[in-house]
Amino acid sequence: MEVSLTSIAAYSYVLVAVCFLVLGAPLAVRQRRRHDIALGLACLSSVLWGATLAWEASVGTPVSALADSAELLRNASWSAFLLVLRGHFTDPASRLPLRLQPALVLGALAYLGCLLGTVGGWWSLAPTADAGALPIAARVAMAVSGMLLVELVYRNRTLHERWAVKFACLGIGTMFAYDFYLYSHALLFRSVDTDIWAARGLVNALSVPLIAVSLGRSKLWSSPLSVSRRAMFHSATLFGSALYLLAMGSAGYYLRYFGGSWGTVMQVTFLFAAIILLAGVLFSGSFRARLKVFISKHFYRYNYDYREEWMRFTRTLSKPGPDLGQRAIEAVANLVESPGGALWQRVEGGRFEPVASWQVPAPAASEPAGSAFCQFLETSQWVVDLHEYAHSPDKYDALVLPAWLADYPRAWLVVPLILHARLFGFVLLQNPRSPVKLNWEVIDVLEIAGSQAASQLAQQDTANALMVARQFESFNRMSTFVVHDLKNLVLQLSLMNANAAKHKDNPEFQADMLETVDYSVQKMKIMLQKLSRLDNAEQPLALALDEVVAQAVALKAAFEPRPELVVEDPQLRVLADRERLERVVGHLIQNAIEATPRTGRVTIRLLRRDGQALIEIVDTGEGMSEEFIRERLFKPFDSTKSAGMGIGVFESREYIHELGGSLEVSSTPGAGTTFRVLLPHHQQETPAEQGARRAA
């Protein structure tokens, strides 16, 4: 069985050597691009590595220092190729030769140290021998770093560029992932498994077609690349978690090895406790904040990825919901890793009142707008560091802190919200989760964020004020219509009162007078309900149009010329509110009467036209010009009458349009005017009408 495994291992590593030789040979005649050279060297190192292991497997010798050195060279070459794909080798702030990044130099020194250890004979990895934990852990670390480089290269490519590198990342990642599996297993069991070792060449050979496919798309490999803070954060978290789990796995192995009969129980308990601890650390907001600050401080020239920060800031402010003040605090606090804060905003009366809080108790203290504190914030527009003020108050000139700030021992920053050079409000932030150095960059970001938050809050206040103004406008408009209707009622009652002395003994006049008074009282009750907002929403009913028009004409019977009604089609029905439709028709009739001399005529015709109900109001009055109809007739609050309000025709047209109809006007100066009210003809009864009819 042992001979069989040895033969399999030999054929396996011969295959991988041949595959990488076929892949790398064409690169010798290709254009000498940087990634071509790096890939050619990586293929050459894999050929050397595969050939060495195949030869040693065929002769049955244990893994020698030469094979270990070849493996180190292979790992280093593929890591270098990934770095070439990644780009970004230099750092302007670096003091190293050629301004190389410190991480690259440390990686190269680590590989060099491992190579020296291998040549010195300290890193035996023979499959049949007990391998030391330190050399195996080093191989595991190489595999983890290789997987991190693959993840870094792929994550920081655009969608179009990922099309070119995805198969190369998959192939190279497979090689490093298999090494991680091989050496993690060896780390736990103190020896390399011969089966896993023999299959290693075959697995590596499978990656060659993937790299070859990606090589055909290599024109996009050399595109510019930058590493985002998010990618660096995830990579650092993944790398740290891998190292932690390896360390805990090694400790668990030793507990099992030396624990006797309790060894397995101790190992399982220890590993689960380690995983719970890791989860607690990874979910810790303080840990994430410290890691972000560490990465920004040591790997980037600027503290912020402005695109990411501004998108997060905007998304936070734009979330749906009424709590904009709370979201504004959260958006500003996240810029400096603050866990909470409170917002003060200028209100009527010249004071700044607390209007919102985020993850802190709601404050109650207010601050006068004319206080020295608020004046300082408005004139200087500075972000106030309360810790710095406690040690060096002279840096803040005339700043006088309000007494209520002493009730907030964890207070850290006061961020002014400036709008149009005036103090709109300010945000008080708590101490950050991790230490944050307030340099010019952080302060500038906070000042800009404060101005943006002030704009959003001011826009919300303006929208609320506009909504209130519209409510008053609606109420005033309703009041205007009510006053207009009252004017018509007063006119009717005045006319009745003027004729009372002449016809007071006439029974017909007395009956008509009582009916008019009762109608006026009912109308005034309805108007009062509308003004007090006690009326229910209108429920349009299917109405017999001849009855509505006849009632409107009857109410104008006391005027001269007396209107005449001609019903050509008594079957017309419309869907409307009876009281409003009657008021519209009555107003148009009233206008026709007032525009016509007593010797003239006012005729109301009811007929059907093109499937619609048509009400024609024709008078022989003085008429109107086209210019007057176009510019003044439907303009609200514009009237030619001394006691008129100019809203009757406007209201009539608005309600007719609301019903889906139209109002047409044709007039000739000196010859009269015709108003045509076109309404949709309704043929079916509504449920409300059916209920009313059944109740009757």
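Residues numbered from 1 in each chain as written. Predicted model: local features only at pLDDT ≥ 70, side-chain atom pairs only at ≥ 80, totals over all residues. Heavy atoms only, no water.

*Asks:* Go over a nonpolar patch on the surface, please, and point to the residues and values.
*Replies:* Together, L486, V517, V521 and M524 make up an exposed nonpolar region whose accessible area comes to about 260 Å². Of all the elements, helix α16 (residues 507-531) adds the most residues to the nonpolar patch, at 3 residues. The residue L486 is located in helix α15 (residues 440-503) in this model. (Patch = residues over 30% accessible without salt bridge, like charges linked within 9 Å, V, L, I, M, F, W, Y side chains within 5 Å. Areas by Shrake-Rupley, 256 points an atom, 1.4 Å probe, with all protein chains shown as cover. Salt bridge = Lys/Arg side-chain N within 4 Å of Asp/Glu carboxyl O. Helix = DSSP H or I, 4+ residues; strand = E, 2+ residues; numbered from the N terminus.)

*Asks:* Which residues make up the sheet that holds strand β6 (residues 422-430), and what values go with them?
*Replies:* Reading across from one edge, β3-β2-β1-β6-β5-β4 is the order of the 6 strands in this open sheet, with antiparallel pairing throughout. The sheet is open, and its two borders are formed by β3 (367-368) and β4 (384-385), each paired with just one other strand. Summarising the sheet, strand β1 (residues 341-347) and strand β2 (residues 351-358) pair through 7 bridges and their orientation is antiparallel. Counterpart to V347 in the pairing with β2 is R351. With respect to the sheet, helix α12 (residues 324-334) is in contact with β1, β2, β5 (411-419) and β6, its orientation differing from that of β2 by roughly 75°. On the sheet, helix α13 (residues 372-380) packs against β1, β2, β3, β4, β5 and β6 and is oriented at approximately 105° with respect to β6. (Pairing = 2+ DSSP bridges. Contact = heavy atoms within 4.5 Å. Axes fitted to C-alpha atoms, helices over the stretch in contact; angles between N-to-C directions.)

*Asks:* Describe the side chain of E71, with residues and values.
*Replies:* Structurally, E71 is set in helix α3 (residues 65-86). Under the relative-accessibility criterion, E71 is labelled buried at 1%. Engagement of the side chain of E71 in a polar contact is seen with the side chain of R200, the distance being 3.0 Å. (Buried < 20%, exposed > 50% of the residue type's maximum accessible area, 1.4 Å probe, protein only. Polar contact = N/O pair within 3.5 Å; in protein donor to acceptor, adjacent residues only side chain to side chain.)

*Asks:* Summarise the packing of aromatic side chains; cite the residues concerned and give the values.
*Replies:* The description of an aromatic ring pair uses the distance of the two centres, along with the angle that the planes make with each other. Counting across every chain of the model gives 14 aromatic pairs. Ring centres of Y178 and Y181 lie 6.0 Å apart, and the angle between their planes is 65°; this geometry places the pair in the edge-to-face category. Residue Y178 and its partner Y181 are located together in helix α6 (residues 159-189), separated by 3 residues, close to a single helical turn. Ring centres 5.3 Å apart and planes at 10° place the aromatic pair W344 and F426 in the stacked group. (Phe/Tyr/Trp six-rings, centres within 6.5 Å; stacked < 30°, edge-to-face > 60°.)

*Asks:* Describe the environment of L457, with residues and values.
*Replies:* Among the structural elements, L457 can be located in helix α15. Sequence-wise, L457 and G425 are 32 residues apart; in three dimensions their C-alpha atoms are separated by 9.5 Å. The contact partners of L457, leaving out residues within four places of it in the chain, are L324, G325, A328, L343, Q345, L417 and F424.

*Asks:* So what's going on with the nonpolar core? Residues and values would help.
*Replies:* Ranked by size, the top nonpolar core spans 51 residues in total, and within it Y13, F20, L39, W78 and I172 carry the most contacts. For this core, the secondary-structure elements that each account for two or more residues are α1 (2-24), α2 (34-59), α3, α5 (133-155), α6 and α7 (194-215). Per element, the largest residue contribution to this core is 11 residues, and it comes from α6. The contact partners of Y13, leaving out residues within four places of it in the chain, are W49, G50, A51, L53, A54, W197, R200 and G201. Residues L543, L659, L663 and L679 belong to the second largest nonpolar core, which totals 35 residues. (Core = buried A, V, L, I, M, F, W, Y, C linked by side-chain atoms within 4.5 Å.)

*Asks:* Summarise the pairing of β2; cite the residues concerned and give the values.
*Replies:* Hairpin connection from β1 to β2: 3 residues lie between these consecutive antiparallel strands, with G349 at a positive phi of about 105°. Relative to β3, β2 runs antiparallel, the two being bridged by 2 bridges. Across the sheet, residue F352 finds its bridge partner in β3, namely E367.

*Asks:* Mind laying out the pattern of salt bridges, listing which residues take part and the relevant values?
*Replies:* Taken as a whole and judged by the stated rule, the model has 15 salt bridges. Measuring nitrogen to oxygen at the nearest pair gives 3.1 Å for the salt bridge that ties D179 to R74. With D179 in helix α6 and R74 in helix α3, this residue pair connects regions lying 105 residues apart in the sequence. Comparing D179 with R74, the two get one shared label, buried. Connected via shared salt-bridge partners are E71, R74, D179 and R200.

*Asks:* I'd love a proper account of α3, names of residues and values included.
*Replies:* Between its first and last C-alpha, α3 extends 31 Å over 22 residues, near the 32 Å set by a 1.5 Å rise per residue. The buried fraction of α3 is high, at 17 of 22 residues. (Expected span 1.5 Å × (residues − 1).)

*Asks:* How would you summarise the environment of R653 if you had to cite specific residues and measurements?
*Replies:* Here R653 shows up in helix α20 (residues 648-658). You can call R653 partly exposed: its relative accessible area is 23%. In this structure, the C-alpha to C-alpha distance between R653 and L663, residues 10 residues apart in sequence, is 6.1 Å. Not counting the four nearest positions on each side in its chain, R653 is found in contact with F634 and L663.

*Asks:* So, the sheet that holds strand β13 (residues 672-680): which residues are in play, and what are the values?
*Replies:* Picture the strands of a sheet paired through backbone hydrogen bonds; they go either parallel or antiparallel. A sheet is described by the order of its strands in space; here 5 strands give the open sequence β8-β10-β11-β13-β12, paired in mixed fashion. Single-partner strands in this sheet number two, and they are β8 (564-567) and β12 (662-668). Taken pair by pair, the neighbouring strands of this sheet meet at an average axis angle of 15°, ignoring direction. In this structure, strand β11 (residues 612-619) lies alongside β13, joined through 8 bridges in antiparallel fashion. Bridge pairing in β13 links D619 to T673. Contacting β10 (602-609), β11, β12 and β13, helix α18 (residues 578-594) runs over the sheet at an angle of about 25° to β11.

*Asks:* Which residues make up unusual backbone geometry, and what values do they have?
*Replies:* In this structure, P561 follows E560 across a cis peptide bond, with omega equal to -5°. Relative to the helices and strands, P561 resides in the loop between α17 (545-555) and β8. At A421, a residue that is not glycine, the phi angle is positive and equals roughly 65°. A421 sits in the exposed class, given a relative accessible area of 53%.

*Asks:* Give a description of the packing of α17 against α18 that names residues and reports values.
*Replies:* The N-to-C vectors of α17 and α18 enclose an angle of 50°; their axes lie 9 Å apart at closest approach. On the basis of the axis angle, α17 is oblique to α18. Handedness of the α17/α18 crossing: right-handed. Of α18, the residues touching α17 (which contributes L545, E547, V548, Q551, A552, V553 and L555) are R578, L581, E582, V585, G586 and I589. (Parallel < 35°, antiparallel > 145°, perpendicular 65-115°, else oblique. Left-handed = near helix turned anticlockwise from the far one by under 90°.)

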